[in-house]
Each structure stands twice: as C-alpha cells, then as structure tokens.
Amino acid sequence: ATPSVAKPSPPTPSVLSATPQQMRSAVRRPDDRVAAMAVCPPASTTLMSAEHQTVLRRCYLQLKSSLNVEENVLDYLYSKNVISKADRKDIRKIEDREDKAGFLLDRLPSCGSKALQHFVSALDDRNGPLYHRELADLIRHQLWRDDES
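Computed from a predicted model, the values in this text were never measured in an experiment.

A. How the structure looks around the packing of helix 3 (residues 50–66) against helix 6 (residues 97–107). Relative orientation of the contacting elements helix 3 and helix 6 amounts to 155°, with a least axis distance of 8 Å. Regarding the angle of helix 3 to helix 6, the classification is roughly antiparallel. As for the relative orientation of helix 3 and helix 6, their crossing is right-handed in sense. Facing helix 3, whose interface residues are Leu-56, Tyr-60, Leu-63, Lys-64, Ser-65 and Ser-66, helix 6 presents Arg-97, Glu-98, Ala-101, Gly-102, Leu-105 and Asp-106. The residue inventory of the contact of helix 3 with helix 6, partitioned by class, reads 5 nonpolar, 3 polar and 4 charged.

B. Structural context of unusual backbone geometry. Unusually for a residue other than glycine, Asn-81 sits at a positive phi of about 65°. Looking at where Asn-81 falls in the secondary structure, it is placed in the loop between helix 4 (71–79) and helix 5 (85–93). Here Asn-81 falls in the partly exposed class, since its relative accessible area comes to 33%.

C. Highlighting the environment of Ala-101. Looking at the element boundaries, Ala-101 is found in helix 6. Taking the relative accessible area as the measure of exposure, Ala-101 reaches 0% and is therefore buried. Expressed as a C-alpha distance, the spacing of Ala-101 and Lys-64, which sit 37 residues apart in the sequence, is 5.3 Å. Residues within four places of Ala-101 in sequence aside, it is in contact with Leu-63, Lys-64, Leu-67 and Val-69.

D. Representation of the packing of aromatic side chains in the model. The tally for this structure, following the rule as stated, stands at 0 aromatic pairs. Geometry around Tyr-78 places Arg-88 over its ring, the cationic atom sitting 3.9 Å from the centre.

E. Focus on the pattern of salt bridges. Under the defined criterion, the tally for this structure stands at 7 salt bridges. In this structure, Arg-92 and Glu-71 form a salt bridge, with 2.7 Å as the shortest nitrogen-oxygen distance. Note that Arg-92 is positioned in helix 5 and Glu-71 in helix 4, a separation of 21 residues in sequence. Among the salt bridges present, the one from Asp-75 reaches Arg-88, with a minimum N-O distance of 3.2 Å. Here the residue Asp-75 occupies a position in helix 4, and Arg-88 occupies one in helix 5, the gap between them amounting to 13 residues. Take Arg-88: its relative accessible area is 14%, and that puts it in the buried class. Here the residues in one salt-bridge network are Glu-71, Asp-75, Arg-88 and Arg-92, joined through shared partners.

Quick notes on the rules
Residues numbered from 1 in each chain as written. Predicted model: local features only at pLDDT ≥ 70, side-chain atom pairs only at ≥ 80, totals over all residues. Heavy atoms only, no water. Axes fitted to C-alpha atoms, helices over the stretch in contact; angles between N-to-C directions. Helix = DSSP H or I, 4+ residues; strand = E, 2+ residues; numbered from the N terminus. Parallel < 35°, antiparallel > 145°, perpendicular 65-115°, else oblique. Left-handed = near helix turned anticlockwise from the far one by under 90°. Contact = heavy atoms within 4.5 Å. Nonpolar A, V, L, I, M, F, W, Y, C, P; charged D, E, K, R; others polar. Buried < 20%, exposed > 50% of the residue type's maximum accessible area, 1.4 Å probe, protein only. Phe/Tyr/Trp six-rings, centres within 6.5 Å; stacked < 30°, edge-to-face > 60°. Lys NZ or Arg CZ within 6 Å of the ring centre and 35° of its normal. Salt bridge = Lys/Arg side-chain N within 4 Å of Asp/Glu carboxyl O.

Given below as structure tokens:
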C-alpha cells in the first residue's frame, strides 16, 4: 500500500492579493478569511488610482502629524461608503491622534477609486477646523501639480 500524501492547502488570500470578484464573494460569505480582513464596504471593489496613492503618500507625513480624525470626518467617510462601520469603530478606539490618522491614511488606498475625493471633501467641511481645509488644499495642490507634469 502506498502512503497517501496530503495536498498542500492553497495560500491564504489577503486583501492585497484578492481580486475584485474575490472581495465581492467574500463579503457575501462572512466566514471567509478574505472577508475578515476586508476593511472597506462592499461597494469599493476597486483600489485608489496610482496617481491618488502617490499624492496621499507625498502628503502622508504632514497629514499624519496634522490631521485630527474627528467624528465629522469619520461620519462623512462612512456616509459616502468609503470606510466601513467596523473601520469607524476601530478608528474611534485608537487614543493617540497620530495613530488614528495613520490608521485612516493606511486604509484609504484600498477603499475605492473615489476615496481621496471624499477624504478631501470631508476635510473641506466649512464647519470643521481651518487646518483641515489647509490639508485639503495641500492635497489639491499635489493633484494639480501632477496634472501639470
């Protein structure tokens, strides 16, 4: 009798390597590991554009050190389906202001093609602090700079 050899299990999917189809099916199957790692609502099956990711990366240090992730920013992003309810809850739990901003900034690239646009709109809220509007201007300046190149 020949001994049976166990087949290697397929690699565990991750959010970074999951296709949009896998993400959509994972959202329908909450027991799937991809769904457990998914950080964005089901509507965001696309990634942020490379151009927007570059702009976010260029502004990262200033955003992380200056951004105060307040309820109005979180609520706006949640209402626009940029972040999930779980993300909003996780961000609220973080006590350090810079860690909170870093968490959000790290999530945004995987939250859809309109994530940066909605993030800038959240910062641009006229009822929010002035320095948030200045951060929105910083991002817009980087976008215009890229358009001129």
